[in-house]
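A look at the structure
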Amino acid sequence: GGRVIMLRCREEQVAKADSQSAPSVSLVVPTYREAENLPELIRRVGAVRDSAGLDLELIIMDDESRDGTPDAVARAGQSWVRLVTRTTDRGLSAA
């Protein structure tokens, strides 16, 4: 099956959260049992983010995988990467 990647751009006038402005680009990647692929994904997105100078966040939407996905994200140690774990299995397309 194919992977779904959604890119959402925000307007420059974004509400501030916790006194920091929101990123201008959010890359949402739905996952299920993809822990082994996350380090490479994060590395590649980071390379593009750095080379293009993008204010980008990577949001990994996980369907409560039991393969160590939270640990893989934590090991990446990147503040611009967030993990959202959904406790209700709704499938990748629901992300």
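Residues numbered from 1 in each chain as written. Predicted model: local features only at pLDDT ≥ 70, side-chain atom pairs only at ≥ 80, totals over all residues. Heavy atoms only, no water.

Attention shifts here to helix α2 (residues 69–76). For α2, the complete set of buried residues consists of Thr69, Ala72 and Val73. The arc that holds every buried residue of α2, seen down its axis, measures 95°, which confines them to one face. Of the exposed residues in α2, the ones pointing more than 90 degrees away from its buried face are Ala74 and Arg75. For α2, the elements touching its buried residues are α1 (38–52), β3 (56–62) and β4 (81–85). After α2 finishes, the residue Gly77 shows a positive phi value of roughly 60°. (Buried < 20%, exposed > 50% of the residue type's maximum accessible area, 1.4 Å probe, protein only. Helix = DSSP H or I, 4+ residues; strand = E, 2+ residues; numbered from the N terminus. Arc of directions from axis to C-beta. Contact = heavy atoms within 4.5 Å.)

Before going further, it helps to examine the side chain of Ser26. Here Ser26 is to be found in strand β2 (residues 25–31). Among the polar contacts made by the side chain of Ser26, one reaches the side chain of Glu57 at a distance of 2.5 Å. (Polar contact = N/O pair within 3.5 Å; in protein donor to acceptor, adjacent residues only side chain to side chain.)

All right, on to the pattern of salt bridges then. Across all of its chains, the model carries six salt bridges by this definition. When the shortest N-O distance is used, the salt bridge between Arg43 and Glu40 registers 2.7 Å. Of this pair, Arg43 and Glu40 both sit in helix α1, three residues apart, roughly one helical turn. The class for Glu40 is partly exposed, based on a relative accessible area of 33%. The closest approach of N and O atoms between Glu57 and Arg82, which form a salt bridge, is 3.3 Å. Pair noted here: Glu57 is in strand β3 and Arg82 is in strand β4, with a separation of 25 residues, a long-range link. You can call Arg82 partly exposed: its relative accessible area is 41%. (Salt bridge = Lys/Arg side-chain N within 4 Å of Asp/Glu carboxyl O.)

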